[in-house]
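Secondary and tertiary structure notes
One-letter residues, chain by chain:
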Amino acid sequence: MDRSTQFAKFGARAAALLDQWQQQNHRPLTAPAWLDTGGSGASLASVFVRDSDPGRTRRRMIIKLCSPDGDSSMEPGRLIAARRSLPNGDLSFSRDHLVEQLYDPMPVDDAWLMFQGFAGNDETMVTLSTILRQRRMPGVAVQITRSLLADWNPDEKWDGEMTAAAFVSELLDRRLEPAEPLAVWVRDKLGLDLETPWIRPGRPNATPLPNPVHLKGSCPLSEHTLDYPMRGRAHGDLHPGNIMVPKEPDADTGRYVLIDLSRFDERALLARDPMHLLLCLVADFLPHMSDDARAELLDLLVGRDTPGLLIPQGLARTVDEVSRAPGDWLHQRTISDQWTGQWLLSMQACALMFTARVRYDARDRWWFFRLAAEAAGAYLGPADAYEPGEVKFVPGPREAEPTVVEAVVAAVKLPQQVAPPEAKRETKPAPDPVRIPAPAPAPVQESVASALAAAGESLPDAALETPAEELPDTLPALLIDLRNTFVDRLGEVREYDAGSVTARTLGLIREQADRGQADLKALLTSRHDTPGEEARDRLDAILGRLARVTEAVNDPGFSYEQPFFVRDLAHRMLVIALAQLLGSTREPALGLQAGEAGGAGQATDPIRPEGARTPSG
C-alpha cells in the first residue's frame, strides 16, 4: 500500500522517501498527528512506529522535516552535541528533557528528515503553545525556567568580562545589519538613526533613555562592564512551539521536553532562553491590552513599582514568578548580584527581536521597542545618574497611535430619507463585492446641514461649534456598505476555530478590502472640491485600515504548514484589523445603529458582536 499520501504535508519528495523507508526497514508508520513548530519553516508529525527489531516496542515517534536554512540544516549534529553535553556528567536532564535520535537522519535535498523520541513519548504530549490560556500556564513557565538553569546548568561557565553593549550585540547577532528587518523598521517607521545615543520615546517630556539599537562606538552601554557574564547550555530559540508538555491540565508542571535544538550552544549567555520564553507569553496577551495596561506591564517587566490592576491576572503572575524563578539557583553562587543586569540586557535584546518580527502590528512592535529602551535605561540606573546631552524625541510610528478613530462625518443625525435606496431594502443586501460607483466630477452644493434643514431638523449643539464638512452624497452609502460587508466578515472569521480560516474566506476578504480602497479613492479623487483637513484625515484612516486588512489576510502565518500558535496569531491579527476597520467607519451620530442600515443586523457593539467567539474559540 502507498503510505506516502499520509505524509503529503512534508512534500512529495519527503513523503515518497518516507514510504520507501517504511518498506525497506519494515517499520510501518501509522496515525500521524501534525504538531506545532516555532515558525522556523520545519514540519513536525507525531506517529506510531512498529519496529521489526524484537528488542523495540511499538511507540510514538516524532518525524521532523528540517527547513533548509543554515541553522536547521545543522540540527542533527547539534542534537547529538546537546545530548552529549552532560551537566556534571549526569544523564538525567538529557533523558528527561531532550529529544533523542531513534534512527539515523535521512537527507531530503537540502534538508533532513529526523526520527526523534523521548522518555514518556506518547500521544498525551502537546506543544506548550496549545495550553497558553490554561490556568496551569504560569506554573509550567516557572518550572521550565527553573529547570533550564538549575538542572541543565548547575556548572555555568565564564570566559571573561564584556561590555553591556557587547552582551546585547551578541544576543542580537546579525539583526542590526542595515538590511535586516529591525534596522529597516527603526529607520523607516521611527525615523531614528541607529547611531543616535539618547531618545525620548512617546512623549517630548519623557525621561531620556538610551537608544536600544545604538550598540557601537561610544554608546551609553559601552561604558559599563559585566564582570561575570553567565554562560552555559541553551536551546537558542525557546518559544512555546519548541516545548512539549503533557496534555492533561493536572499533569506534573515539571515534565517537559525541548525540541528543535538547531541553535543549541554549550556556551550561550544564559539569560536569553528564559527571557525569550517570557516575552513570547507576553506577546500572546499584548493585542488584547489597552495602552494603560501596556504601560503597567512595561513597568512590571523592568522592575518598577506598579499597581498592575489592569494587567491580566495570569500574565502578571507569570511575569512575577518567572522573574523570581532563578532565585534558588542564584543563591548558590557568589556572583548572584550579576544576574539582574544580565536579565535587563537580555530583555533589551529579546524585545528588539520582537520589534523586528513583521507578524506583529506596528502598535505591538512600538511597545516592544519602548520595552527595549526602558530595559536599557533600567540597567543604567536612575536617570539623574547620567547627563545624556542632546536627546531625540521619537513619537513612534503612525500606525501605533490609538486605534479609536472618530466618526468620518461631523456629529449630525442623518435623516431617514437621506439614506441610500440600498439601505432600505427588506432583506440584507449582499455584502460582496463592495462597489459604490463614484459620482460625476461636479461640485456638491448641498451640505449635510442643508439636507437636515430641508428635512425640518437642526444640527446638535456640538455641531454648531464645528461645522460639518461637505461630503459627497455617496459617502454615507459607501460607509454603510463597508460596514455591512465587514461586520459579516468579522462575524464569519470569529466563527472559525483558532487558525482554521479557509483560503476562500481569506480571498473574499482580500478582494473586498482591495475594492473598498479603490472605491473610496475614486470617490475622493472625483470630487471637484476638497474635504477639510479633519475629514480627510478620517477618510485616510479608513483607507489605512482597509490596507491593514489586506496585509492581515496576506499573512503567511495562515498557511496550514505553519504551527498552530503561528496560525492562531495570524487569526487574531485579522480579527483586530477587521475590528479596527469597523471602528473607523463607525458613525453612531448618523443613525447607523443596529438595524437602521437596511436591516444590516449590526451588533450593538461592532467591535465585538454579541455572542461572537474569540479566535481561540
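For the structure given in this document, a descriptive report is provided here.

Calculation notes
Residues numbered from 1 in each chain as written. Predicted model: local features only at pLDDT ≥ 70, side-chain atom pairs only at ≥ 80, totals over all residues. Heavy atoms only, no water. Helix = DSSP H or I, 4+ residues; strand = E, 2+ residues; numbered from the N terminus. Buried < 20%, exposed > 50% of the residue type's maximum accessible area, 1.4 Å probe, protein only. Contact = heavy atoms within 4.5 Å. Areas by Shrake-Rupley, 256 points an atom, 1.4 Å probe, with all protein chains shown as cover. Pairing = 2+ DSSP bridges. Axes fitted to C-alpha atoms, helices over the stretch in contact; angles between N-to-C directions. Parallel < 35°, antiparallel > 145°, perpendicular 65-115°, else oblique. Left-handed = near helix turned anticlockwise from the far one by under 90°. Nonpolar A, V, L, I, M, F, W, Y, C, P; charged D, E, K, R; others polar. Salt bridge = Lys/Arg side-chain N within 4 Å of Asp/Glu carboxyl O. Arc of directions from axis to C-beta. Polar contact = N/O pair within 3.5 Å; in protein donor to acceptor, adjacent residues only side chain to side chain. Phe/Tyr/Trp six-rings, centres within 6.5 Å; stacked < 30°, edge-to-face > 60°.

The next subject is the overall build of the protein chain. Across its full length, the protein chain carries 18 helices and 15 strands. In the protein chain, which comprises 617 residues, the share counted as buried stands at 55%. Taking as baseline every contact in the protein chain between residues at least 6 positions apart, the subset at least 24 positions apart corresponds to 74%. A total accessible area of about 26,900 Å² is found for the protein chain, and carbon and sulfur atoms account for 49% of it.

Here we have three strands laid out as an open sheet, ordered β9-β8-β15, and mixed in their pairing. Every interior strand has two partners, whereas the edge strands, β9 (209-210) and β15 (392-394), have only one. Where strand β8 (residues 198-201) meets β9, two bridges bridge the pair, whose relative direction is antiparallel. Bridge pairing in β9 links Trp198 to Pro210.

Moving on, we come to the packing of helix α7 (residues 272-285) against helix α11 (residues 339-355). Interhelical geometry of α7 versus α11 gives an angle of 50° and a closest axis separation of 9 Å. Relative to α11, the element α7 lies oblique. The chirality of how α7 crosses α11 is right-handed. Where α7 abuts α11, its residues Arg272, Pro274, Met275, His276, Leu278, Leu279, Cys280 and Ala283 lie against Trp343, Ser346, Met347, Cys350, Ala351, Met353 and Phe354. Of the residues contributing to the contact of α7 with α11, the split by class is 12 nonpolar, two polar and one charged.

Moving on: the pattern of salt bridges. Tallied over the full model, the rule gives 18 salt bridges. When the shortest N-O distance is used, the salt bridge between Arg233 and Asp155 registers 2.8 Å. Residue Arg233 is found in strand β11 (residues 231-234), and its partner Asp155 is found in the loop between α4 (137-150) and β7 (162-163); the two are separated by 78 residues along the sequence. Residue classification places Arg233 among the buried residues on the basis of a relative accessible area of 4%. One salt bridge in this structure joins Glu374 and Arg304, with 3.1 Å as the shortest N-O distance. One end of the pair, Glu374, is in helix α12 (residues 362-380); the other, Arg304, is in the loop between α8 (291-302) and α9 (313-324), and 70 residues separate them in sequence.

Turning our eyes to something else, we now look at helix α5 (residues 164-172). Structural remark: α-helix, 3.6 residues per turn; residues separated by three or four positions point the same way. Among the residues making up α5, those that are buried are Ala164, Ala165, Phe167, Val168, Leu171 and Leu172. For α5, the angular spread of the buried residues around the axis is 160°, confining them to a single face. Taken together, the buried residues of α5 touch β7, β10 (225-226), β14 (265-269), α7, α11 and α12. Downstream of α5 by one or two residues, Asp173 has phi in the positive range, about 55°.

Further remarks concern the environment of Ser262. The residue Ser262 is located in the loop between β13 (257-258) and β14 in this model. On the basis of relative accessibility, which here comes to 4%, the residue Ser262 falls in the buried class. With 26 residues separating them along the chain, Ser262 and Gly236 place their C-alpha atoms 8.0 Å apart. One polar contact links Ser262 to Asp260, side chain to side chain, over a distance of 2.9 Å.

Another aspect to go through is the packing of aromatic side chains. Scanning all chains against the criterion turns up 15 aromatic pairs. Judged by centre distance (5.9 Å) and plane angle (35°), the rings of Phe354 and Tyr360 are tilted. Judged by relative accessible area, which is 0%, Phe354 ranks as buried. Classification of Tyr360 as buried rests on a relative accessible area of 8%. Each ring, one from Trp367 and one from Phe368, has its centre 5.1 Å from the other, and the planes form 80°; the classification is edge-to-face. On the basis of relative accessibility, which here comes to 6%, the residue Trp367 falls in the buried class.

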